[in-house]
Amino acid sequence: MEGSSVPGGVKKEVVEEAAQGATWLRAEEPPIDTAEEIIRDKEEQAGAAKRPKEDSENESMGLGVRKKRQRVAAAPAPAPSGRKRTTGARARAAAAAMLALPRCRCSMRLSQPPLQRLLDACRDVFTKGSPTPPTSIVVPFIRRLMDKIGPHDVGLMDDLNYFHSMNAAGCQNPPIITSKTIYNCSNFMIAVFFLPLRAVMPLHDHPGMTVFSKLLIGSVRVEAYDWVRPRVSSRGSAAMLAEKVLDRNVTAASDAWVLFPDTGGNMHRFVVGEEEHCAFLDVLTPPYSLAEKRTCTYYKDIPYDELDTCAASSGLTEAQRRRQLAWLQEVPQPKDLRMYNLPYKGPTIF
């Protein structure tokens, strides 16, 4: 209803106007009026209330003096340069409305540890019913937050001596891969994975999921595939045709990268060299869930020319034939994969 008010006597339109500046994307912008300006407005009000009495006492000074004083009192204060300022009752109402709104977590992120900022951001953007994959605004936002996280921020350096002794000099063969779940809910999961020297995370998928990854220490070779569209299957086996979309070395200096349900290398493997251990931070949305049939499947890749390429090539475009193609066949979890989940004992998060 036009002219309606919210509790406290503030007009609804003013609350809505103030709320537009309180979203998480604009949480770090300053409000329209600072506390100093509001105090100055109150002082002007108090001064205006005293002037009628002063005018009656000094009536002998003449009408011209009073008019001059009134013109000075009515003149608006100059607005600060570079910023539009709202004055009068509307400014005070907007300030009151801002105080009445719940304070966004994002407005406090700059003073929080990087891991806490990431967690709060994930809580804000990965909610029930949020789009999958995340929007083009969310993706770079999460990647930038992950780029600011180092091994100390997740307590990783405290574990390095343990990992060194556990996997030193090939005592563990194959090497033991460990993971630590930092936070897990129905909408997303944050975890750290540690891969020692010569470890291999076998080719696996993330069905219907978007995964953000940031290498924290070391370097790793990443190979990743996406399914060829439309799907092409082999006649002689249950293999499906896929295209290699990523094959490169990633280091701790590299930016965070992201894969989507259908693009970006949803099926990938990690291969660690013989020089140093590596560890990476993952954000998965939504997380793996047996109840919702999001389970990890393992594959082996078969060179494209080893199966019935004649049948497959008939459905491929010329551009697809020139790409790196391979057949991916589902396999059970490799028997030599030793992977353990350890409790997270890093910096406290809320």
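Residues numbered from 1 in each chain as written. Predicted model: local features only at pLDDT ≥ 70, side-chain atom pairs only at ≥ 80, totals over all residues. Heavy atoms only, no water.

**Focus on the overall build of the chain**
Helix and strand counts for the chain stand at nine helices and 14 strands. Split into buried and exposed, the 350 residues of the chain put 40% on the buried side. Within the chain, residue pairs in contact and separated by at least 24 positions form 78% of the contacts whose partners lie at least 6 positions apart. Counting only carbon and sulfur atoms, one obtains 53% of the accessible surface of the chain, whose full area is about 20,000 Å². (Helix = DSSP H or I, 4+ residues; strand = E, 2+ residues; numbered from the N terminus. Buried < 20%, exposed > 50% of the residue type's maximum accessible area, 1.4 Å probe, protein only. Contact = heavy atoms within 4.5 Å. Areas by Shrake-Rupley, 256 points an atom, 1.4 Å probe, with all protein chains shown as cover.)

**Brief notes about the environment of Asp120**
Structurally, Asp120 can be placed in helix α5 (residues 114–125). A residue is classified by how much of its surface remains accessible, and Asp120, at 3% relative accessible area, is buried. As a C-alpha pair, Asp120 and Ile349 span 229 residues in sequence and 9.6 Å in three-dimensional space.

**Topic: helix α6 (residues 138–147)**
Within α6 the residues assigned to the buried category are Val138, Val139, Phe141, Ile142, Leu145 and Met146. Burial along α6 is one-sided: seen end-on, the buried residues are contained in an arc of 165°. Each element contacted by the buried residues of α6 is listed here: α5, β6 (210–217), β9 (257–259) and β11 (278–285). (Arc of directions from axis to C-beta.)

**Here we look at the pattern of salt bridges**
It is possible for side chains bearing opposite charge to pair when their charged atoms get close. This structure, assessed with the given rule, holds nine salt bridges. Between Arg123 and Asp120 there is a salt bridge, with the nearest N and O atoms lying 3.3 Å from each other. Of this pair, Arg123 and Asp120 both sit in helix α5, separated by three residues, roughly a single helical turn. Between Glu223 and Arg269 there is a salt bridge, with the nearest N and O atoms lying 3.4 Å from each other. Of this pair, Glu223 sits in strand β7 (residues 219–227) while Arg269 sits in strand β10 (residues 267–272), placing them 46 residues apart in sequence. Across this residue pair, the class does not change: Glu223 and Arg269 are buried. (Salt bridge = Lys/Arg side-chain N within 4 Å of Asp/Glu carboxyl O.)

**What about the sheet that holds β6?**
Taking strand neighbours across the sheet as the criterion, the six strands line up as β9-β6-β11-β4-β3-β14 in an open arrangement whose pairing is mixed. Of all strands in the sheet, those with a lone pairing partner are β9 and β14 (338–342), marking the two edges. Strand after strand, the sheet turns through a mean of 25° between neighbouring axes, direction not considered. Each of β6, β9 and β11 touches α6; the most contacted strand, β6, lies at about 20° to it. (Pairing = 2+ DSSP bridges. Axes fitted to C-alpha atoms, helices over the stretch in contact; angles between N-to-C directions.)

**Digging into unusual backbone geometry**
Looking along the chain, the bond that leaves Arg229 and enters Pro230 is cis, with omega of -5°. Along the chain, the position of Pro230 falls in the loop between β7 and β8 (240–251). In this structure, the amide linkage connecting Thr285 to the following residue, Pro286, adopts the cis form with an omega of -15°. Inspection of the secondary structure assignment puts Pro286 in the loop between β11 and β12 (298–303). Even without glycine at this site, Arg198 takes up a positive phi of about 70°. Within the secondary structure, Arg198 sits in the loop between β4 (189–195) and β5 (200–204). Owing to a relative accessible area of 36%, Arg198 belongs among the partly exposed residues under this scheme. With a phi close to 60°, Lys293 is a non-glycine residue in the positive phi region. With respect to the helices and strands, Lys293 occurs in the loop between β11 and β12.

**Brief notes about the confidence of the model for the chain**
On average, residues of the chain carry a pLDDT of 76, and 61% of them reach 70 or more. Overall, residues 54–68 carries pLDDT values under 50, and its contacts beyond four positions in sequence, including any with other chains, amount to three contacts. Here residues 79–86 is modelled with pLDDT under 50, and outside its nearest four sequence neighbours on either side it reaches 16 contacts, counting other chains as well. (pLDDT = per-residue confidence, 0-100.)

**Re the environment of Pro334**
Within the element layout of this structure, Pro334 appears in the loop between β13 (325–331) and β14. Once the C-alpha coordinates of Pro334 and Tyr298 are considered, the two residues, 36 residues apart in sequence, prove to be 8.0 Å apart. Not counting chain neighbours up to four residues away, the residues in contact with Pro334 comprise Pro202 and Tyr298.

**What about the environment of Ala121?**
Take Ala121: it is sitting in helix α5. For Ala121, a relative accessible area of 0% puts it in the buried group. Sequence-wise, Ala121 and Phe141 are 20 residues apart; in three dimensions their C-alpha atoms are separated by 8.7 Å.

**Describing the packing of α5 against α6**
Running from N to C, α5 and α6 point in directions that differ by 165°, and their axes come no closer than 9 Å. The angle between α5 and α6 falls in the class roughly antiparallel. As α5 runs across α6, the sense of the crossing is left-handed. Taken together, the residues of α6 that come into contact with α5 (itself represented by Arg117, Leu118, Ala121, Cys122 and Val125) are Val138, Phe141, Ile142, Leu145 and Met146. Taken together, the residues of the contact of α5 with α6 sort by class into nine nonpolar, no polar and one charged. (Parallel < 35°, antiparallel > 145°, perpendicular 65-115°, else oblique. Left-handed = near helix turned anticlockwise from the far one by under 90°. Nonpolar A, V, L, I, M, F, W, Y, C, P; charged D, E, K, R; others polar.)

**Observations concerning the packing of aromatic side chains**
Inspection of every chain in the model, using the stated rule, returns seven aromatic pairs. Pairing Phe126 with Phe188 gives two aromatic rings, centres 6.2 Å apart and planes at 55°, and the pair type is tilted. Of this pair, Phe126 sits in the loop between α5 and α6 while Phe188 is found in the loop between β3 (176–184) and β4, placing the two residues 62 residues apart along the sequence. The pair formed by Phe126 and Phe188 is uniform in burial state, with each residue classed as buried. With 5.7 Å between their ring centres and 75° between their planes, Trp227 and Tyr299 make a pair best called edge-to-face. Residue Trp227 is found in strand β7, and its partner Tyr299 is found in strand β12; the two are separated by 72 residues along the sequence. Like Tyr299, Trp227 is buried. Counting every residue linked through ring pairs, the aromatic cluster contains Phe126, Tyr183, Phe188 and Phe212. (Phe/Tyr/Trp six-rings, centres within 6.5 Å; stacked < 30°, edge-to-face > 60°.)

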